[in-house]
Amino acid sequence: MDYAFLVALLAASVRIAAPLILGALGGLISERAGVFAVGIEGMMLAGAFGAAIGAFVSGSPAVGLLLAVVAGSLIASIVAIAVTIFRADQMVTGLAVNILAFGLTSFLLRGLFGGRAPSIRLHIFGAIDIPFLSSLPFVGPILFRQSALTYAAVAIALLLHLALYRTRAGLTLRATGENPEAVFAAGNNPIRIRQLAVIAGGAIAGLGGAVLSLQDVGTFTDGMTNGRGFLALAAVIVGRWTPLGALAACLVFGAASALEVRLQGFNLPVSSYAIQMAPYLLALAVLAGLGRGTRMPQAIGQAYRVG
Amino acid sequence: MNKMAPQRTGSTNGSARLCSLRRAVLAAVAGLALAAGPAAAADEGKAAMLFPGSINDQSWNAVGYQGLVKLKAAGWDTAYSENVQSADEVEALRDYAKRGFDLVIGHTGRFLSAAERVGGEFPKTTFIVGSGSGGAGKNVASVDFDNTQFGYLMGVLAAKLSKTGKIGSVNGLEGLPNVYSQIGAYRQGARSVNPKIEVKVIYIKDMEDAAAAKEAALSLADWGADFISGKLNAAQAGIIQAAKERNIYCNGRSTDQTAIAPTNVATNIVEKWDEMYAAAAVEAKAGKLGGKYELYGLDTPGSTGASLKYSPDSAFNPAIPPAIVADVEALEKTFAAGGLKIKVVKEDGHGGL
């Protein structure tokens, strides 16, 4: 394993991790407030769709990003309303919006354009070299020659860490996932907090979808998130419901994916089908190993009733 | 004249119901699309097509859909379903056969085993499997283009264009006959030009996942490949984005894909599913198709199966030196005259070097 191989591998790991990081951070906000984030996959898919349609119709990537946030939030608001006002089962609601997002994006892609899906081709966000830092040896090409949304993903992880552990709002959010009664007694409204948390999470997950359509491939295809939302969900658990932990977990999953395609080049006497399982086996192994020692937010999954 | 009945959703178990729900949504979409089309001129019969992905993928499913458009123009009543999942294949085929469709086309080799299972139940229906690997019984046929010819041409082109002596290919579904045919021939073609050339093949797990295909292609570029081929569906766009980013050559599967990266797409292997399905439908109506494995190539009458196209009116990227173009075109003539037959075995499609 030479130097150039290692640098390329690690740079690819960060690139692949970007959509996972945003998905995981979105899920984390929701789960810390006490709502399971099973619907992340659907929110990411809606975000990928909103980003592509917004950028395609307006010609502006900024509009695409805005629509990604709106689309992710819209799917999330369905979850928010169902689980807080109607106290629906959080797991089932999450699964339902995943299916809804798949069907709805496929339908709208055709319905919005008169029945025939358009050929969407977008200019993708190119790499941005950070002055000085990008010319550092080793870390420069790995960390500082990435694209805009990848930097944004890491920045949001750091900001979320500060917000959760250094602000009063962060404390209230965490308390809502642990003991909503206490939050209520302190004069806050746990239902409102959960709604806002789920919707904010959807907005960030939507950006995660935008990474795929605006930064990676420049188009939208049906179901293009392809399970990345579930990998993000695993990263939340592996990262023990902390932003920096989830960030690290996503980078590990990214590295497993980047290694997987490169391993095939070594002519191992193993079928490609077996090698392709690597990222998921790793996720399972880490979950089984680390998952045992973790404690999820105490009140997660339980509907809160006033009084 | 609503000839599109909605997709049936009468499954009994829970998970099948979720799939059916998804199918119903997509079938509703399909209905929307077809209702907008003009009325059929003559009545040839009823033909349905099932797609593994969506018809807007600018790749595999999009070219298959052109086949259905051609059948409709020829006077067939047409219907289709998109995103048919593996678990739903048998039910989807059976569904259309029960509704009296004369021709049910599964637009991927994956449909072959499903068609073999339901074929006997519906002797009046002809099942055609696009890119299948064999016929069965009296009414199940496979139709494909000659992957070895076009894989070989692409290997020759890639090796002649490569400056690094390294070329790559990103694919899905290792072990499928049409997949290893193209890859094995790509390797042979490249070695016929440069015996020392290194050809690295990477498989991804989903032919529709463009982001994953792009990463696989980037890993080949990191290794030093300067031509990347491949045979993917929606994911083909990922190969082309990667080639654009690293400014190397690649091939697409439709002239639409040239527009993604006009300087980097060398050419596209454009499959003529419209011609192949139309030819097969004529044969089926005459009762001559059942049980056959029809392979269309540069040396067959009716259709050449596929052709190399950069744009609707040119075959190669204008940046490719005329001498290389001439060499590839001469090779096409050799194939057309039957002067070269490529033999591949499953092992030729192995991943890696």
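Going by the structure above, here's the rest.
Here the structure is a predicted model, which is why all the values come from computation and not from measurement.

What counts as what
Residues numbered from 1 in each chain as written. Chains lettered and ligands numbered in written order. Predicted model: local features only at pLDDT ≥ 70, side-chain atom pairs only at ≥ 80, totals over all residues. Helix = DSSP H or I, 4+ residues; strand = E, 2+ residues; numbered from the N terminus. Expected span 1.5 Å × (residues − 1). Buried ≥ 20, exposed ≤ 12 C-beta atoms within 10 Å, placed from the backbone. Pairing = 2+ DSSP bridges. Contact = placed C-beta atoms within 7 Å. Nonpolar A, V, L, I, M, F, W, Y, C, P; charged D, E, K, R; others polar. Axes fitted to C-alpha atoms, helices over the stretch in contact; angles between N-to-C directions. Core = buried A, V, L, I, M, F, W, Y, C linked by C-beta atoms within 7 Å. Domains from an automatic or database assignment.

An α-helix turns once every 3.6 residues. As a result, residues three or four positions apart point the same way. Residues and elements named next belong to chain B. For helix 7 (residues 210-223), with 14 residues, the first-to-last C-alpha span of 20 Å sits near the 20 Å given by 1.5 Å per residue. Most of helix 7 is tucked away, with twelve of its 14 residues classed as buried. Taken together, the buried positions of helix 7 are A210, A211, A212, A213, K214, E215, A216, A217, L218, S219, L220 and A221.

Moving on, we come to the pairing of strand 7 (residues 198-203) of chain B. All names here are of chain B. Among the six residues that make up strand 7, five are buried, leaving the element largely enclosed by the rest of the structure. Relative to strand 7, strand 6 (residues 166-171) runs parallel, the two being bridged by six bridges. By the bridge assignment for strand 7, S169 is matched with V201.

Attention shifts here to the interface of chain B and chain A. Taken residue by residue, the interface counts 43 residues in chain B and 39 residues in chain A. Per-element tally for the side of chain B that touches chain A: the top contributor is helix 7 of chain B, with nine residues. A class-by-class count of the residues in the side of chain B that touches chain A yields 21 nonpolar, ten polar and twelve charged.

On to the sheet that holds strand 4 (residues 126-130) of chain B, then. Residues and elements named next belong to chain B. Read across the sheet, six strands follow the order 2-1-3-4-5-11 without closing on themselves; strand pairing throughout is parallel. In this open sheet, the two edge strands, each paired with only one partner strand, are strand 2 (76-81) and strand 11 (293-296). Between one strand and the next, the sheet's axes are offset by a mean angle of 20°, whatever the strand orientation. Judged from the four bridges that link them, strand 3 (residues 103-106) and strand 4 form a sheet pairing that is parallel. If you follow V104 over to strand 4, its bridge partner there is F127. On top of the sheet, helix 2 (residues 60-73) reaches strand 1 (45-50), strand 2 and strand 4; it is set at about 155° to strand 2, its chief contact. The sheet contacts of helix 10 (residues 273-285) involve strand 1, strand 3, strand 4, strand 5 (140-145) and strand 11, and relative to strand 5 the element is tilted by about 150°.

With that settled, the discussion passes to the nonpolar core. Among soluble globular proteins, nonpolar side chains are generally buried collectively. Of all hydrophobic cores here, the largest spans 202 residues; its most connected members are A:I21, A:L25, A:A235, A:C250, B:A217 and B:I228. When we break this core down by domain, the ones giving at least three residues each are domain 1 (14-130) and domain 2 (147-269 + 308-349) of chain B. Excluding anything up to four places from it in sequence, A:I21 contacts A:A153, A:A157, A:L247 and A:C250.

Moving on: helix 2 of chain B. Residues and elements named next belong to chain B. For helix 2, built from 14 residues, the straight-helix expectation of 20 Å at 1.5 Å per residue is met to within 8% by its first-to-last C-alpha distance of 21 Å. Buried residues dominate helix 2, accounting for ten of its 14 residues. Those residues of helix 2 that fall on the buried side of the exposure criterion are W60, N61, A62, V63, G64, Y65, G67, L68, L71 and K72. Contacts from the buried residues of helix 2 go to strand 1, strand 2, strand 4, strand 10 (265-271) and helix 10. Backbone geometry just downstream of helix 2 places G75 in the positive-phi region, at approximately 105°.

The next subject is the sheet that holds strand 9 (residues 249-252) of chain B. Residue and element names in this part refer to chain B. Read across the sheet, six strands follow the order 7-6-8-9-10-12 without closing on themselves; strand pairing throughout is mixed. The open sheet terminates on both sides in strands that have one partner only, identified here as strand 7 and strand 12 (306-309). Mean inter-strand twist for the sheet, computed between neighbouring axes without regard to direction, equals 20°. With two bridges joining them, strand 8 (residues 227-231) and strand 9 adopt parallel strand pairing. Across the sheet, F227 pairs through a bridge with Y249, a residue of strand 9.

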